[in-house]
Every structure is written in C-alpha cells, then in structure tokens.
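Chain residues, written in single-letter form:
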Amino acid sequence: MLRWPPWDVNGELILSLLGELLSVLRPGMRRLPLRGADLVLMARHPRWKGIGQSHNTLLVVECDGPIASERVSRALDRFLDVCPWPAARLRRSFPWGKFHWWAEGARTALIRPPVRRATLATREQLQQALVTELDAIIDPRREAPIRILLLDSEREAPSFLVLTWFHPLMDARGGQNLVAHLDHLDRHAGEAPWGGTPPAFAPERDPRSFRERSRIARGSLKYIRTVASVPPVSPGSGLVPPARTCFRQESFVDSGPTAGQRATREITWRLAVVGKAMAELWERKGLAAVPYLLPISVDLRPKGGLGATFGNQLGFHFARFLPSDTADVPVLARALRRQMADAVRDGQIDANAVSLEFLHYRPLSMMLRVLPWTAGGELFSFNCADLADWPPALEKCFGRRVLNAYHVPVVPPRPGIGVFFNRCESRNNLVVSWLEGVVGDAEAARIIEVIRDGMGWTRTP
C-alpha cells in the first residue's frame, strides 16, 4: 500500500517544508534548487562526496582556428553579471533541506570558472587532454561547477573549445545553450545584448499544486516499480570505482540505402541498433540474457527556442527488450516506438518527471531504494542517448567557424558503458564512453562498427 506522499520516512515532509520555509525567510540569498533528474544523477554516483568517480561531462567544439582567451573571459564575466550559476556552489542547508546552487551568502563568494589554454602537438594528445578533463573531479561544494579549456594545434587549425561541467548542473543542451549565450555576449560587446531582458536561464516552477503533483507522483512510482520484473545486468557489474574514464569518438556521413530515411533519425531505431551491438557484447562476456532496461531521456523544453540552460530538463521513458529481439532491427525499432508512443499517450513521461521532484525529500543513499530491481546494485543495462543537433546559430563560435561539436559524458560505474549520438551539420557523431575494466578498446571499436553498419554510415575523410 503506497502512502501519501510517496516516501518512506515519517516526518520527512514536515522537516523538508521547515527547511524550505527557513530559506524563504532568510533574505538576500540566491539559490537554484536541483531538479529531480539532477538528483538522480547524484544518487547514481554514491561516492560524489569524497575522492571517487568523476561526475563530469564534456562539450568539445572543434573550430577552424585558435579562439582568443580574452574574448571567452570577457564574455564569461558579462554572463556572470546577469546569471551566477556557473560560479555558484552546491549546498544543502539541513539534512532534510533541498540541494541547491548557492550564489550568495556571508561565507560564500562566487568562484569564477577557470579559463585555461594548452597546445597540442598530435591528435593523441587531444584524446589524452580530454580524458584528463573527464577524470579531473569537480567538487561542486568548493569550486566552480564549470571549467573552460582552449586547446590549440601547433598548426593554425583545428583548435578546440572544451567546456567541462559537473553533470547535475545541466544537460547536454544546457551546455550548448551556455556556449550560445557566451558567443552572443562576445558578438555584442559594449551593447545591451538581450535588449534589457535576459533569457530564462532556469526553468519556471511547476504551476500545479502540491497535492496534484503528489497524486501524479504516486501513480508514477507505482508504474516504475513494475518496469523490471527481473533485475537487469550490466557490463559494469563487479567494477569497483574509481576507474579511469575511456571513450572513442568517430564521425560519419549518411550513405547507403538508409541514408536520409526518417526512421534512422529516431531514437527508437538508434536504440535498436545499439541493442544489437550490446547483444554481441553480452554473448562475448557471457552475461545473462535477461531483458534490457534503460532510461531514454526526453527533453522537456518547449520546441522552437533555447529554453532554460541550467538543470537537467529531462523526463524519462524506460525502454525494455530482450537481447534476442535485436536480431531484427526494424521490427524491434517499431516495437520500441510503440512503447514510447504508449508512454506519451498515457502521460507517463510527464508523471515520471513530476515524481523525480519528490527526491528532494530523501537522503542521497535512499533515492533509488524505492526501485525493487536496484537491491543488488544494478540500475540499468547500459546508457544510450541522442544529444541532439548542434544549433545552426552556432555556425561560428567566438569568431571562428565550427567544424564539429560533440559531447562526452562520464558514465556511472553501473552500467559502466554508454553510447551517445549527436549531429553537427552533415557529421553524425558517435561516442562510446566506458570505465576502464568494463570493455577494451577492441570491444568498443566493434560496438562502433556494428552501429555504423546498422545506421548505414561511412567514415568522414
């Protein structure tokens, strides 16, 4: 029998409301509460408080020449004049209080994100520099949650702008938005860049009443508890963090009989193709052929604009299929599409997003305990996401033409591996991110090859 509201510790509601009331009564403080998806990301990295696994995400922007660091620094300073969150720190005032980004207070000064520069002699040094950025842990309680690194080639081109952030600060589209804001400020130096009205950097609060949201969350919790009758297995099972981050990134162009077909651009087709690659990995490693379970993120921002930058603006759909289902990719893609269509029709994605917000009232260690299949430590089978198209408005960045852009997130110890897509103009970027010990380079290369074949892509010159 589910209680109202949907949490298990008596008195948590009263204590959380007292914490919120105290924060409202103390004037002069600026705070941005973490969203439910942010909290899930934190809960999936249980050692975030100490020296454990990195929780970073990269946005790598390849340009046709070096970017002047003075331009980036000036734009960043102008941005901080109107939005403090890239320089804020993570706080939780009370054990029952909300996690939030804290931008003001007697003992808290804003910490300007660092802007650094380095020179690369070889392409291998680029890979090593990016891995170093991924593994260099950001402690959001003591330092800025964002870093900026400019990497120059010994030759004139290419050069790279690398934005690294603590993942619960924002999602991939948020990272793109931030670069767009900084570039906009750079192009409008000395002017009022937004006509006196800056865009909305953080999302608006849900207008529905607490009681209504609690009812929705109750239904979502009941549903989520049923999505995995058998606990999933993952390649990260048995991995003891911390572990070094590894990734491979390759770019492709459309070709072959599937080139340009709408179906191949949908996440359901891509997930089916990734599932086929993972089925090979499962067989090679002798993993149990239990149903795959993985969360498919859905961007909650309205279409047609930038939307909010900070906070992971994500809802989730839970996809489920057997390794054997990947033998026929078109049939599996249609089945996955029906699953997602049913979830949209039933309002399940919105309900899941609403329910995540109630995680504010739980300790980190308890956030995932409501899910029956997590008792053994497994969460999902693997990660897979399409991180969207690079914005056409960012054809140039800080005066340089953008040649390519892609994201590299660190995956949590379980599942330990993830596959991520994005597109920049005609380039289809594919990133496989994993933790050392989960797979080897040859296995990652095979995953990429299976996906390339299933997508009908050819490598860029």
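This text follows the structure it describes.
Overview of the structure.

### Topic: the sheet that holds strand E13 (residues 400-409)
Piece 1. With mixed pairing, six strands are arranged side by side in an open sheet as E5-E6-E7-E2-E13-E12. Each of the sheet's edge strands pairs with one partner strand only, and the pair in question is strand E5 (115-120) and strand E12 (396-397).
Piece 2. Pairing of E5 with strand E6 (residues 146-153), which is carried by six bridges, proceeds in the parallel orientation. By the bridge assignment for E6, Leu120 is matched with Ser153.
Piece 3. Against the sheet, helix H4 (residues 123-135) contacts strand E2 (56-63), E5, E6, strand E7 (159-166) and E13, and its axis sits at roughly 150 degrees relative to E2.
Piece 4. Sheet strands touched by helix H5 (residues 172-187): E2, E6, E7, E12 and E13. Its angle to E7, the strand with the most contacts, is close to 125 degrees.

### Some words on the side chain of Asp183
Piece 1. Counting through the fold element by element, Asp183 comes out in helix H5.
Piece 2. A distance of 2.8 Å separates the side chain of Asp183 from the backbone nitrogen of Phe398, its partner in a polar contact.
Piece 3. In contact with Asp183, other than residues within four places in its own chain, are Leu394, Lys396, Cys397 and Phe398.

### Thoughts on helix H6 (residues 210-224)
Piece 1. An ideal rise of 1.5 Å per residue puts 21 Å on 15 residues; H6 measures up with 20 Å between its terminal C-alpha atoms.
Piece 2. If you check which residues of H6 are buried, you get Arg213, Ser214, Ile216, Ala217, Ser220, Leu221 and Ile224. End-on, the buried residues of H6 take up no more than an arc of 165 degrees, which puts them together on one face. Exposed and facing more than 90 degrees away from the buried side of H6 are Arg211 and Lys222.

Criteria and thresholds
- Residues numbered from 1 in each chain as written.
- Predicted model: local features only at pLDDT ≥ 70, side-chain atom pairs only at ≥ 80, totals over all residues.
- Heavy atoms only, no water.
- Pairing = 2+ DSSP bridges.
- Helix = DSSP H or I, 4+ residues; strand = E, 2+ residues; numbered from the N terminus.
- Contact = heavy atoms within 4.5 Å.
- Axes fitted to C-alpha atoms, helices over the stretch in contact; angles between N-to-C directions.
- Polar contact = N/O pair within 3.5 Å; in protein donor to acceptor, adjacent residues only side chain to side chain.
- Expected span 1.5 Å × (residues − 1).
- Buried < 20%, exposed > 50% of the residue type's maximum accessible area, 1.4 Å probe, protein only.
- Arc of directions from axis to C-beta.

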